Amino acid sequence: LTGDLQKVHERFDLVEVRSANGDWPKDATLKRWRKSAPPAFVFSVVLPPAVASLAQGAEADAALADALHVAALLQARCVLLQTPPDVRPTSVNKKRIAALFAKIPAEGTVRCWEASGLWEVEDVIATARAARVLPVLDATQSALPPGPIAYTRLRALGKAAASVRSLE
């Protein structure tokens, strides 16, 4: 989020805030972003790789705490876990996903999970349901589970590919 934030707010109603290496914007910057956004504008905080890998330990706990601090400052409506392809659909990983989400307060925040790699849609939905989180799916490829809200990816297809690339 650099430049004219008003243009972001005019064009989009949601933005994902992420940190690949744990370097989040300063608290004052996060507060300024929230203050400059319309009340209905949605910030979604993407959990960093140290958390997304489902690793356990002090580094993962600290990364989660930092991300939740960012979410609080932004008054983020969503916290998103994007697991990498090496997080496969094993019973251990399904338990780790549920345990991770148990550490994230559910009140006031939509907890979301996006799997990549070998996961089948049915398994994603069942794992998300067991963890009491919202699955993130590609609405052009899979039917979204019923419910009042959805968090979806629209992968680049046809004319949409050009508009998606122009945003990067």
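Note: the structure precedes this text.
Residues numbered from 1 in each chain as written. Predicted model: local features only at pLDDT ≥ 70, side-chain atom pairs only at ≥ 80, totals over all residues. Heavy atoms only, no water.

A. Layout of the overall build of the protein. On a plain count of helices and strands, the protein comes out with seven helices and six strands. Overall, the protein shows an N-to-C arrangement of helices and strands of α-β-α-β-α-α-β-α-β-α-β-β-α. Within the protein, buried positions represent 38% of all 168 residues. The long-range share in the protein, meaning contacts at least 24 apart out of those at least 6 apart in sequence, stands at 64%. Accessible surface for the protein amounts to roughly 9900 Å². Of this, 55% is attributable to carbon and sulfur atoms. (Helix = DSSP H or I, 4+ residues; strand = E, 2+ residues; numbered from the N terminus. Buried < 20%, exposed > 50% of the residue type's maximum accessible area, 1.4 Å probe, protein only. Contact = heavy atoms within 4.5 Å. Areas by Shrake-Rupley, 256 points an atom, 1.4 Å probe, with all protein chains shown as cover.)

B. Spatial organisation of the side chain of Arg34. With respect to the helices and strands, the residue Arg34 is situated in helix H2 (residues 27–36). Within the buried core, Arg34 has no salt-bridge partner, and the shortest N-O distance to an opposite charge, that of Asp13, equals 11 Å. When near neighbours in sequence (up to four residues on either side) are disregarded, Arg34 contacts Pro39, Phe41, Phe43, Leu73, Leu74 and Gln75. (Lys, Arg positive; Asp, Glu negative; His and termini not counted. Salt bridge = Lys/Arg side-chain N within 4 Å of Asp/Glu carboxyl O.)

C. Broad picture of the layout of surface pockets. Considering only enclosed or pocket space, the second largest pocket measures out at about 210 Å³ in volume. Ala115, Val121, Val136, Leu137 and Asp138 are, among the 15 residues lining the second largest pocket, the residues nearest its centre. When residues of the lining of the second largest pocket are traced back to their parent elements, those giving at least two are helix H6 (121–131) and strand S5 (134–138). Broken down by element, the lining of the second largest pocket gets its largest block of residues, three residues, from S5. For the lining of the second largest pocket, a count of residues per class yields six nonpolar, four polar and five charged. (1 Å grid on protein atoms, 1.4 Å probe; cavity = no way out; pocket = protein on both sides within 12 Å on 5 of 7 lines; lining within 4 Å. Points joined across faces, edges and corners; volume = space filled by probe spheres on them. Nonpolar A, V, L, I, M, F, W, Y, C, P; charged D, E, K, R; others polar.)

D. Highlighting the sheet that holds strand S2 (residues 42–46). Taking strand neighbours across the sheet as the criterion, the six strands line up as S1-S2-S3-S4-S5-S6 in an open arrangement whose pairing is parallel. Of all strands in the sheet, those with a lone pairing partner are strand S1 (14–17) and strand S6 (151–153), marking the two edges. Taken pair by pair, the neighbouring strands of this sheet meet at an average axis angle of 30°, ignoring direction. Across the face of the sheet, helix H5 (residues 91–102) comes into contact with strand S3 (78–82) and strand S4 (110–114) while running at roughly 155° to S4. (Pairing = 2+ DSSP bridges. Axes fitted to C-alpha atoms, helices over the stretch in contact; angles between N-to-C directions.)

E. Unusual backbone geometry, seen in detail. With a phi angle near 55°, Gln75 is a residue other than glycine that sits in the positive phi range. Looking at where Gln75 falls in the secondary structure, it is placed in the loop between helix H4 (58–74) and S3. Given the relative accessible area of 55%, Gln75 is considered exposed. With a phi angle near 60°, Arg132 is a residue other than glycine that sits in the positive phi range. With respect to the helices, strands and loops of the structure, Arg132 is situated in the loop between H6 and S5. Residue class for Arg132 comes out exposed when judged on its relative accessible area of 71%.

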